[in-house]
Amino acid sequence: MKNQTLLDKICGLIPGKVDDKILLELYDLLQKAEHVFKKDHPSTIPENTHAFRKHSLDIRKARGYVEDQHRYQDMRYGATTMKHAGCEIFAVYNALYTLHGTHRIPLPHMIHDFEKEGMVLSGRFGTSPKSLLSYLNKQGYKTEMVIDQKLFDSMGDRYTSLILTMYNNAEDIRDEIHTVHITHDEKGFTAHNVYCNGTVVGPAPSVSALIHSFNHGKSRGICLIGIKKP
């Protein structure tokens, strides 16, 4: 029981005490180390393209969005799968769909791009949020990132397409970090792939209100990216 209590305290320390900027810098450092020291691997594009065909109908049913990450165990990302570590890439994929109404970059090619530069610990820790920003900038999109949660709502008002990285549980890192896409239209703010099971969350009147509705109010934002067309 004492050991369990100690573990609980340690797991609550990271989201409660570690500065979000430091967390993002750590992710970025690990991503850069991956880029420098990783070995070349065969492209995942052919097998992921084949597997992705089975998901096209579900995406059409979800009005163009990936909402069911838990079903993507058949698509590779580094040493793991998109089911376990693909949330950041799905958020980018969904965000660009909001902007264009079509999928301009095929998902298997997007995965390959982040395998070359972006994934952390061979994908086991997902993708660095700063790499999402870098990727979008290289594609010509206008972007902005804020870490201060007090700025989330004002930033949300300026964009129709956003990407949020958050703690699923602000009191326990064991519930992991998750990244989702947020749309902003006349109805408010709506989040995609929050629970990875097809559920869409929203609309809510603001970004902060939307986050408060996640996971029974336990979630907390880490950073928010706004995206505009080139």
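In this text, all values refer to a predicted model and were calculated from it rather than measured experimentally.

(A) Just the pattern of salt bridges, in detail. Counted according to the given criterion, the structure contains nine salt bridges. Ionic pairing is found between D20 and R220, a salt bridge with its closest N-O pair at 2.9 Å. Separated by 200 residues along the polypeptide, D20 in helix α2 (residues 20–37) and R220 in strand β8 (residues 220–228) bring together distant segments of the chain. Residue classification places D20 among the buried residues on the basis of a relative accessible area of 9%. With its nearest N and O atoms 2.8 Å apart, the salt bridge here joins R158 to E144. You can see R158 sitting in the loop between α9 (152–156) and β4 (161–167) and its partner E144 sitting in strand β3 (residues 142–146), a full 14 residues away along the chain. Given a relative accessible area of 26%, E144 falls into the partly exposed group. Via salt bridges that share partners, D58, D68 and R71 belong to a single interconnected network.

(B) Main features of the packing of helix α7 (residues 107–116) against helix α8 (residues 129–138). In the contact formed by α7 and α8, the axes pass within 11 Å of each other and the chain directions differ by 120°. Along this stretch, α7 crosses α8, giving a crossing that reads as right-handed. Mapping the contact onto sequence places M110, D113 and F114 in α7 and S131, L132 and Y135 in α8. Residue composition of the contact of α7 with α8, by class: four nonpolar, one polar and one charged.

(C) The arrangement of the nonpolar core in detail. Grouped together as the largest cluster of nonpolar side chains are 31 residues, with contacts concentrated most on Y72, V92, L107, M110 and I163. Of all the elements in the fold, those that place two or more residues in this core are α3 (45–52), α5 (82–85), α6 (87–100), α7, α8 and β8. Of the residues forming this core, the biggest block, eight residues, is contributed by α6. Apart from residues lying up to four places away in sequence, L107 is in contact with F52, Y72, M75, I89, F90 and Y93.

(D) Main features of the sheet that holds strand β7 (residues 201–204). Ordered by their spatial adjacency, six strands build an open sheet running β3-β8-β4-β5-β6-β7, and the pairing between neighbours is antiparallel. The sheet is open, and its two borders are formed by β3 and β7, each paired with just one other strand. On average, adjacent strands in this sheet sit at an angle of 20° to one another, irrespective of strand direction. Seen against the sheet, α6 touches β4, β5 (177–185), β6 (188–192) and β8 and runs at an angle of roughly 10° to β5.

(E) Quick peek at the environment of R71. With respect to the element layout, R71 can be found in the loop between α4 (56–61) and β1 (76–77). As a C-alpha pair, R71 and H55 span 16 residues in sequence and 8.5 Å in three-dimensional space.

(F) Region of interest: unusual backbone geometry. The residue after G202, namely P203, is reached through a cis peptide bond having omega 5°. One can find P203 in strand β7. Residue R63 is not a glycine yet carries a positive backbone phi of 60°. Its location among the elements puts R63 in the loop between α4 and β1. Located in the positive-phi region is N215, a residue other than glycine, with phi close to 50°. Note on placement: N215 falls in the loop between α10 (207–212) and β8.

(G) Here's a closer look at α8. The complete set of buried residues in α8 reads P129, S131, L132, L133, Y135 and L136. Just beyond α8, the residue with positive phi is G140, at close to 95°.

(H) Here's a closer look at the packing of aromatic side chains. Using the criterion set out here, one finds four aromatic pairs in the structure. Ring geometry for F52 against Y93: centres 6.2 Å apart, planes inclined by 85°, an arrangement best described as edge-to-face. Highlighted residues: F52 in helix α3 and Y93 in helix α6, separated in sequence by 41 residues. The residues F52 and Y93 share a single accessibility class, namely buried. On the numbers, 4.5 Å between centres and 40° between planes, the contact of F114 with Y135 is tilted. Of this pair, F114 sits in helix α7 while Y135 is found in helix α8, placing the two residues 21 residues apart along the sequence. A relative accessible area of 0% means that F114 is categorised as buried. Sitting above the plane of the Y159 ring, K228 keeps its charged end 5.1 Å from the centroid.

About the thresholds
Residues numbered from 1 in each chain as written. Predicted model: local features only at pLDDT ≥ 70, side-chain atom pairs only at ≥ 80, totals over all residues. Heavy atoms only, no water. Salt bridge = Lys/Arg side-chain N within 4 Å of Asp/Glu carboxyl O. Helix = DSSP H or I, 4+ residues; strand = E, 2+ residues; numbered from the N terminus. Buried < 20%, exposed > 50% of the residue type's maximum accessible area, 1.4 Å probe, protein only. Axes fitted to C-alpha atoms, helices over the stretch in contact; angles between N-to-C directions. Left-handed = near helix turned anticlockwise from the far one by under 90°. Contact = heavy atoms within 4.5 Å. Nonpolar A, V, L, I, M, F, W, Y, C, P; charged D, E, K, R; others polar. Core = buried A, V, L, I, M, F, W, Y, C linked by side-chain atoms within 4.5 Å. Pairing = 2+ DSSP bridges. Phe/Tyr/Trp six-rings, centres within 6.5 Å; stacked < 30°, edge-to-face > 60°. Lys NZ or Arg CZ within 6 Å of the ring centre and 35° of its normal.

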